[in-house]
Each structure stands twice: as structure tokens, then as C-alpha cells.
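# Overview (structure and organization)
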Amino acid sequence: MNLDRIIAVRNTKTIYRDSSKCYKVFNKDYSKADVLNEALNQARVEQTGLAIPKILEATMIDGKWAIVSEFIEGKTLATLMEENPDKHDEYLELFVNLQLEMHSKTCPLLTMLKEKMTRKICMTDLSATVRYDLHTRLNSMPKHTKLCHGDFNPSNIIITNDGTPYILDWSHATQGNASADVARTYLLFCLKGDKETAEKYLNLFCQKSDTARQYVQQWMPIVAASQSVKGNEQEREFLHTWINVVDYE
């Protein structure tokens, strides 16, 4: 094992490549339960037949928990969009088609999206009145069991040299309503300051899936609230504006 080649560094983990393997090494204080849950999520999603890196093992390296998976050679869709602005719309269509394929799958042993969002809303610093409104809205939304990624964005898609798209990072995977997953992706584009792509993405998804834009928008305050638990102060401020952007019914 040679962990000299760093692929990426995040707040809670460092990702290395060693030949055909990818090592995601978490900080020492990172929750053991969360690491093992992420590995289990990914192993369960493998069974759907989607193109994702296969889990090889969960282990400890120098006292830190690590997840070892296949290394997928290629470029992220985010990089390709940046390098080929003339193909932006073409890549966005591929992105939406991939998300629709994912939503066509079920993965019955994953956590229910509604249950996870209920917990997240309880963890926010929002007033009791706003939390009550959010819980009421969440409980009124139709219950689905589609495979949802939870962090579906172009940086989590690798396109191999032969053009095969692989979906990475299943730590937030749940089963639930696809429109909640779409609302999350829309907000991720907005958080990066790319409102134009966010609008194009939402319109394209709604068109291809025959989903009313208003229906996805109903999820925005719920998703924004659940996401506001993490992230920096600037992100929280932005997400709080979305929590209040739709009048509660």
C-alpha cells in the first residue's frame, strides 16, 4: 500500500490513489459509525446495477478509519463542463439522464429520506414555529422509495475514457422522493453561485420526468433546512433564505 498520491483533501478526510484502489481516509475524530454506514450504503447501492466504484474493504490505517474502493480513471463531469463550455448543455443532459436512471432504482435497506430529514430539522437552530411548519410540510409530502443520492452534483460523476459515467460518494444515500433529491441538486448549483445552470437543470429535469416545477419547489425549504445543519456560516445564511422563500400552506 502506497498512500503518496493524494487525489483530494476535505475537512474530514483525505483521498488517495494506490494503483487500482482508492483509499478514503477519515480524520481520527470522525465517527466510526458514519464510516461503516457509508461503506454499507455503497455496498447496498452496488446491488442496483448502477455504475459505481465497488467497495473492497473498510479498515484502519494508522489509527484512522478508511474505506477502500475501486479507483475509477477519468475526469469529473464538473471538470469536463469547465474545460468544454460549448458542450455544457450536452453534459447537463447527460447529468439529468443519469439522475433519472438512479431514481428508477430501489434500494430497500437504505434509510428513509423522510426520517433523515425529520432528524435534521430537529437539529437546526430554527424557531419552534418554523420547525413545526417544516415538519408539517414534510409529513404531507408523498412517500416514495426511489434511490436518492443526497449530494448529486457534477463533481460526484466520473466519466471514464470510454465515456461510461460512474456515480461517486454514497454517504448521504437514502430511499425516498426523487424531487427532494432534485431540490438538493438545485440548491448545490445555487450555493456555487451558478443560478443559470441551476435553472437549466431544474427545467430539464422537470421536462424529462414530467414533474411539475412547483412540486420540486415545495421541497426547497425542507431540503434547505436539513442541509443548514452542516456547512459554514455563509452557506447557512443562504439556505435560511430558502427556508423562508415559500409561503407555508
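Okay, so let's go over this structure. Please read these numbers as outputs of a predicted model, since none were measured by experiment. (Residues numbered from 1 in each chain as written. Predicted model: local features only at pLDDT ≥ 70, side-chain atom pairs only at ≥ 80, totals over all residues. Heavy atoms only, no water.)

## A short note on the sheet that holds strand β4 (residues 55-61)
- Pairing within the open sheet is antiparallel, and its five strands lie in the order β1-β2-β3-β5-β4. Of all strands in the sheet, those with a lone pairing partner are β1 (5-9) and β4, marking the two edges. For this sheet, the mean angle separating the axes of adjacent strands, direction not counted, is 25 degrees.
- Against the sheet, helix α1 (residues 32-46) contacts β3 (21-26), β4 and β5 (64-70), and its axis sits at roughly 15 degrees relative to β5. (Pairing = 2+ DSSP bridges. Helix = DSSP H or I, 4+ residues; strand = E, 2+ residues; numbered from the N terminus. Axes fitted to C-alpha atoms, helices over the stretch in contact; angles between N-to-C directions. Contact = heavy atoms within 4.5 Å.)

## Points about unusual backbone geometry
- Unusually for a residue other than glycine, Ser 19 sits at a positive phi of about 60 degrees.
- Residue Ser 19 is classed as exposed on the basis of its relative accessible area of 54%.
- One non-glycine residue, Asp 62, adopts positive backbone phi at about 50 degrees.
- Looking at the secondary structure, you find Asp 62 in the loop between β4 and β5. (Buried < 20%, exposed > 50% of the residue type's maximum accessible area, 1.4 Å probe, protein only.)

## Describing the sheet that holds strand β6 (residues 75-76)
- Spatially, β6-β8-β9 is the arrangement adopted by the three strands of the open sheet, whose pairing is antiparallel. Both outer strands of the open sheet, β6 and β9 (165-167), are each paired with one neighbouring strand and no more.
- In this structure, β6 lies alongside strand β8 (residues 157-159), joined through two bridges in antiparallel fashion. From the neighbouring strand, Lys 75 faces β8, where its bridge partner is Ile 159.
- Here helix α3 (residues 88-103) sits on the sheet and contacts β8 and β9; the angle it forms with β9, its principal contact strand, is near 55 degrees.

## So, the packing of aromatic side chains
- This model, assessed by the stated rule, comprises seven aromatic pairs.
- Considering the side-chain rings of Phe 95 and Phe 189, the 6.0 Å spacing of their centres and the 70 degrees angle between planes classify their relative orientation as edge-to-face. Of this pair, Phe 95 sits in helix α3 while Phe 189 sits in helix α6 (residues 178-191), and the two are 94 residues apart along the sequence. Neither residue differs from the other here; Phe 95 and Phe 189 are each classed as buried.
- Through successive ring pairs, a cluster of aromatic residues spans Phe 95, Phe 152, Phe 189, Tyr 201 and Phe 205. (Phe/Tyr/Trp six-rings, centres within 6.5 Å; stacked < 30°, edge-to-face > 60°.)

## As for helix α4 (residues 113-123)
- Looking at α4, one finds that the buried residues are Leu 113, Met 117, Lys 120 and Ile 121. Burial along α4 is one-sided: seen end-on, the buried residues are contained in an arc of 100 degrees. The exposed residues of α4 that point more than 90 degrees off its buried face are Cys 122 and Met 123. (Arc of directions from axis to C-beta.)

## Considerations on the packing of α3 against α6
- Closest axis-to-axis distance for the α3/α6 pair is 11 Å, and the angle between their directions is 150 degrees. As the angle between them shows, α3 and α6 are arranged roughly antiparallel. Handedness of the α3/α6 crossing: right-handed. Of the residues in α6, those touching α3 at Leu 92, Phe 95, Gln 99, Met 102 and His 103 are Ala 178, Asp 181, Val 182, Thr 185 and Phe 189.
- Here the contact of α3 with α6 is built from residues that sort into six nonpolar, three polar and one charged. (Parallel < 35°, antiparallel > 145°, perpendicular 65-115°, else oblique. Left-handed = near helix turned anticlockwise from the far one by under 90°. Nonpolar A, V, L, I, M, F, W, Y, C, P; charged D, E, K, R; others polar.)

## Description of the environment of Lys 64
- Relative to the helices and strands, Lys 64 resides in strand β5.
- Along the sequence, Lys 64 and Ser 104 sit 40 residues apart, while their C-alpha atoms lie 36 Å from each other.
- When neighbours within four sequence positions are excluded, Lys 64 is seen to be in contact with Val 25, Phe 26, Lys 28 and Thr 59.

## A short note on the nonpolar core
- Counting 53 residues, the largest nonpolar core has Trp 170, Tyr 186, Tyr 201 and Trp 219 as its most contacted members.
- In this structure, Trp 219 is in contact with Leu 113, Met 117, Leu 138, Met 141, Asn 177, Ser 179, Ala 180 and Ala 183, ignoring residues within four places of it in sequence.
- Tyr 23, Ile 61, Ala 66 and Val 68 belong to the second largest nonpolar core, which has six residues in total. (Core = buried A, V, L, I, M, F, W, Y, C linked by side-chain atoms within 4.5 Å.)

## Observations concerning the pattern of salt bridges
- One pass over the structure, following the stated rule, counts ten salt bridges.
- Put simply, Arg 17 and Glu 73 hold a salt bridge, and the shortest N to O gap is 3.1 Å. Here Arg 17 is found in strand β2 (residues 13-18), whereas its partner Glu 73 is found in the loop between β5 and β6, with 56 residues between them in sequence.
- Close ionic contact of Glu 199 with Arg 213 constitutes a salt bridge, the shortest N to O distance being 2.4 Å. Of this pair, Glu 199 sits in helix α7 (residues 195-209) while Arg 213 sits in helix α8 (residues 213-227), placing them 14 residues apart in sequence. (Salt bridge = Lys/Arg side-chain N within 4 Å of Asp/Glu carboxyl O.)

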